[in-house]
Structures are given as C-alpha cells and as structure tokens.
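Here is how the chains run, residue by residue.
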Amino acid sequence: MKDLVRRNTDSGEQPLSRKILGLFLEKRGEVVSGEEMSVELKVSRTAVWKHVRSLRELGCRIDAVPSRGYRLVAAPDLLIPEVITAGLKSARIGRNLVCFRETGSTNETAFKLAEEGAEDGTVVVAETQRRGKGRLGRQWESPAGVNLYCSVILRPPILPARAAQMTFLSSVAVARAIAAETSLRPFIKWPNDLLINGKKVAGLLNEMSAETEKVNFIVLGIGVNINMKREQFPGDLRHPATSLFLETGKPVNRADFTRALLEALDLLYGAYLEHGYGPVREEWLARCNFLGKQVRISFHDNESTGKAKGIDEDGALLVELPDGRVERVLAGDVTILQ
C-alpha cells in the first residue's frame, strides 16, 4: 500500500534507533552519554551518533551537551513505530505494529491483515482515515494529526457468542488510558462510548470473523478524540462530542496516549485469557455512570424506556421496563434521561 509508513514485526530485536529513543524516554530530561549508550547497546559510538542523527530527522529534538552526551528535549507527536514502541511495556499487544499516514479505515486494513494471518496483538494505526467507521454504518470523523485511530487484532479462544466481551475489555482499556494520561475521569456508556462531562470522547467498533463454534479473529476498532479542536467537529453530530484537549485545555501527547492504551489492553487481555470475563465486567460496571437511571433505547424506528440494571455475560444491556419485566438489549443507542 502506498500510504504505509512502516511495518514493525518484533521478533525480539528492535532497530537501534528505537532502542536509543527508548533510553532517552526512560531518562526524560537527563543527559545520556554516547559511551553509556554504546556500552548498553553493544555498538560503536559512531553508530550511536548516526542513529541519533536519524532520530533528529524523524523530528526528535536532541541536544548535544559538550563532553557529556545527548539530551532528548522533545519527541515528535507522530504515530510511528519508533515513537510508539519506545519504552512500550507489552507482552503481546503492539509488538507487531503497522502505521499509515492515511488509510481508508484501520478496521478494514486490520481485517484484511488478519485474513492474511497477522498475529494476535497486531495493531494498525493511522494519522487519518478516508472512510472511518462508526457503529450502525455511521462515519467516524478522522481529521489528520490530532486524534488516535487504531485497530487491534485479537485471536481469543472463545465462542462467537462471547465476542462482545471484547468490546467491554477495550472500553475499560480506553478509560484507563485517559485516566493515566490526563486528570479526567471518563465514564463508559453502553455499548461502546466513552464520555467526559456527558460528551463523547471515544468510540469503539469491533468486528469479527468466526465459524459456528470458533472465533477466527476479532478486530477492536478504537477512535479517541485527543487534540481535536471545536471547529474540527462536524455540525450534524447525533450526540455532543469533545476531545481531551477541549476538556483539559492543553495538548495531550498522542504517542504517550497510544502507548498507555496498548499497555492497558495488554494487561486486560492477558488477565481475560487467564481469569475470564468476570474482572473485566466488574471494572466496566464500576466505570459506567448510568446504572439505576432511566434510559431511552433507540434502534432504527423503535424506542423503549426503562431503568438500566447492568450487563450480562453476552454484553446485553439489562433494562427494567415499566411493567417490571427485564429486557435484554443487544443493539441500539442509549440516552440517559434526566
């Protein structure tokens, strides 16, 4: 694909430039000597100098401190493997990373890669999308250089009926990343929205390939409004939207956020494979803010109202209707009624 920036298949060996950037990020603001990097990485000081130069060409601001070494002043706000994976603490998610300047849809690209055999934990990231996908066939606005658009390929050994559990896992991971990288407290709204002060800041779209008794793979599509400005939002939004920048008043480093998200996904997915859905479900419930409240469920031309009671093993929303019956809602938009 002509818009491919770089594909990183991590077999345990990272490019030297990424290892150097990792050292800089571990010692943010500190001077790192060329000799220290040479010994640590088992290469010549000339090789260190060449790769420091290549990092500068990527947009890293690295100052040379006479007789002492180098100091990383700033890394570029670019979603490229060298920056995202530097210092990434992940056993599975993001070890194979595919980055694009532009693509049609990260979900479409990830789905194709999964069909071709891409490994569990492969991540597709794009600076912008031409055909960003939202739920129920809607478009996800994808201005370039300000947000995060990514899709993660998972191959969990579960039945297709349990695939919706991955939606709740990914929404918890996004909530963790937002809390880790900002002072904000996000809330989760069923089935796949992250809200801050009642406004949507992130959405999820998970797609699956499966057989009757087997999931082949699941693609977790994740879109987070990070540094989007008010004028970049379309005027015909169905629900109020916001960004981390608008809520905090200051830019959020997108690479740092992406790294935090991949690490949160990695921890949650590992725990899910070992302990099942229970811990994910409990954290999801703790992070949502509409249980016990009156809600309206809209799906196509149908509407119903009731009290939100929780979610079940299949991810269905449990709603207590006015007549006391509890209904399982599998699809639709939820509006919290005042």
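Residues numbered from 1 in each chain as written. Predicted model: local features only at pLDDT ≥ 70, side-chain atom pairs only at ≥ 80, totals over all residues. Heavy atoms only, no water.

Summarising the sheet, strand S12 (residues 294-299) and strand S13 (residues 302-311) pair through 6 bridges and their orientation is antiparallel. Across the sheet, the residue bridging to Ile297 is Ser304, located in S13. Counting the residues in the hairpin turn of S12 and S13 gives 2 residues, including His300, whose phi is positive at 55°. Pairing of S12 with strand S16 (residues 333-336), which is carried by 4 bridges, proceeds in the antiparallel orientation. Along S16, the bridge assignment pairs Ile297 with Val334. (Pairing = 2+ DSSP bridges. Helix = DSSP H or I, 4+ residues; strand = E, 2+ residues; numbered from the N terminus.)

The next subject is the sheet that holds S13. Pairing within the open sheet is antiparallel, and its 5 strands lie in the order S15-S14-S13-S12-S16. Pairing within the sheet leaves two strands with one partner each, and these edge strands are strand S15 (326-329) and S16. Strand-to-strand twist in this sheet, taken as the mean axis angle between neighbours without regard to direction, amounts to 45°. Across 4 bridges, S13 lies against strand S14 (residues 317-320) in antiparallel orientation. Its bridge partner being in S14, Lys307 is matched across the sheet by Glu320. (Axes fitted to C-alpha atoms, helices over the stretch in contact; angles between N-to-C directions.)

What follows concerns the sheet that holds strand S3 (residues 61-65). The 3 strands are arranged S2-S4-S3 in an open sheet whose pairing can be described as antiparallel. Edge positions in the sheet fall to strand S2 (31-32) and S3, since each has one partner strand and no second. With respect to the sheet, helix H3 (residues 45-58) is in contact with S3 and strand S4 (69-74), its orientation differing from that of S3 by roughly 140°. (Contact = heavy atoms within 4.5 Å.)

For the coordinates displayed, the defined rule picks out 4 aromatic pairs. When the ring of Phe168 is compared with that of Trp284, the centres are 5.1 Å apart and the planes differ by 80°; the resulting orientation is edge-to-face. You can see Phe168 sitting in helix H6 (residues 165-181) and its partner Trp284 sitting in helix H9 (residues 278-287), a full 116 residues away along the chain. Each of the two residues, Phe168 as well as Trp284, counts as buried. Between Trp284 and Phe290, the aromatic rings sit 6.4 Å apart at their centres with planes inclined by 90°, giving edge-to-face as the arrangement. For the residue pair Trp284 and Phe290, the accessibility class agrees, reading buried in each case. An aromatic cluster is defined as three or more aromatic residues linked by ring pairs; in this entry it consists of Phe168, Tyr277, Trp284 and Phe290. (Phe/Tyr/Trp six-rings, centres within 6.5 Å; stacked < 30°, edge-to-face > 60°. Buried < 20%, exposed > 50% of the residue type's maximum accessible area, 1.4 Å probe, protein only.)

Further remarks concern the state of the cysteines. This model, assessed by the stated rule, comprises 0 disulfides. With no disulfide of its own, Cys99 lies 10 Å from the sulfur of Cys150, the closest cysteine sulfur. Taking relative accessible area as the criterion, Cys99 reaches 0% and is therefore assigned buried. Taking the relative accessible area as the measure of exposure, Cys150 reaches 1% and is therefore buried. (Disulfide = S-S within 2.5 Å.)

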